[in-house]
Amino acid sequence: MVGTGYLFTPVEDPDALRAALAARAERLGLLGTVLVAEEGVNLSVHGTAEALDEFEAALRGEPGFERFVLNRSDDFGLQPFGRLKVQRREEIVTLGRSDEPLDHGGAKRVPPEAWSAQLDDAAVTVIDLRNDYEVAAGTFPGAVDPGTTGFREFPAWAETHLPDKDAPVAMFCTGGIRCAKAAAWMRGAGWTDVRELEGGILAYLASVDEEASRWRGECFVFDERVSLAPGLRRGELELGPDGKREMGDT
């Protein structure tokens, strides 16, 4: 199984937490990437259901991580990751504005079953926060595509294209972490009505019936599965030799 999750919470000693998570992941035979920073943890790993359960329980036992949730999806018999990387980072998802104030508590989380209302509200600017090659694989029709090639390009785009900081903005990304970071930055920078799809596209594909789904296409993922379809089925997308697989933006 594949386990993905993140949590923004202050980490007093990121180096110690990194070492502890590395030792535990190695013992459990997990493969994938775990990123640790002062702002929290972001991970995408592969292993048995029992190993994922134990890893999640241990992380939830760390101070501040009681709310951590490791979301599971099928590996389809593949080996999604080739090795284990547990790294200390300045940010668990790189926005490049770490010297600016962040407000992690101000954004509104919209559950998947209520997301259609955001898409149908003409007053709301719905933004696909992912990279251009991800958007090309699939998206919600009508969503704004900033055309970015990396997450750190978003703040400059927002400052240029979203001048009215009182106008409602709703964002979505693969698993929610980019939206959470962007929303915290936007709230800190003065935007007053920021909304995010709770759990990201993956939660939407898992919980919204395909007949009622507004999603079109497939959802690019940062592992050997390449893409997922509604119901979190395996997608049909294939990558060429220059395919991008860098984790950290999910």
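Model, not experiment: these values are computed from the prediction. (Residues numbered from 1 in each chain as written. Predicted model: local features only at pLDDT ≥ 70, side-chain atom pairs only at ≥ 80, totals over all residues. Heavy atoms only, no water.)

### Here's the deal with the sheet that holds strand β7 (residues 125–128)
Link 1 in the chain: Strand order in the open sheet made by the 4 strands is β6-β10-β9-β7, with parallel pairing throughout. The open sheet has two free edges, formed respectively by β6 (108–110) and β7, since each of these has just one partner strand. Geometrically, the sheet is characterised by an average inter-axis angle of 25 degrees between neighbouring strands, direction not taken into account.
Link 2 in the chain: As paired elements, β6 and strand β10 (residues 194–197) share 3 bridges and run parallel to each other. Across the sheet, the residue bridging to Lys108 is Arg195, located in β10. (Pairing = 2+ DSSP bridges. Helix = DSSP H or I, 4+ residues; strand = E, 2+ residues; numbered from the N terminus. Axes fitted to C-alpha atoms, helices over the stretch in contact; angles between N-to-C directions.)

### Thoughts on the pattern of salt bridges
Link 1 in the chain: Summed over all chains, the structure comprises 15 salt bridges.
Link 2 in the chain: Among the salt bridges present, the one from Asp128 reaches Arg130, with a minimum N-O distance of 2.8 Å. Taken as a pair, Asp128 and Arg130 share a single burial class, namely buried.
Link 3 in the chain: With a shortest N-O distance of 2.9 Å, Asp193 and Arg195 are connected by a salt bridge.
Link 4 in the chain: Among the residues examined, Arg195 registers a relative accessible area of 14% and is labelled buried. (Salt bridge = Lys/Arg side-chain N within 4 Å of Asp/Glu carboxyl O. Buried < 20%, exposed > 50% of the residue type's maximum accessible area, 1.4 Å probe, protein only.)

Remember that the coordinates give geometry; whether it matters functionally is a separate question.
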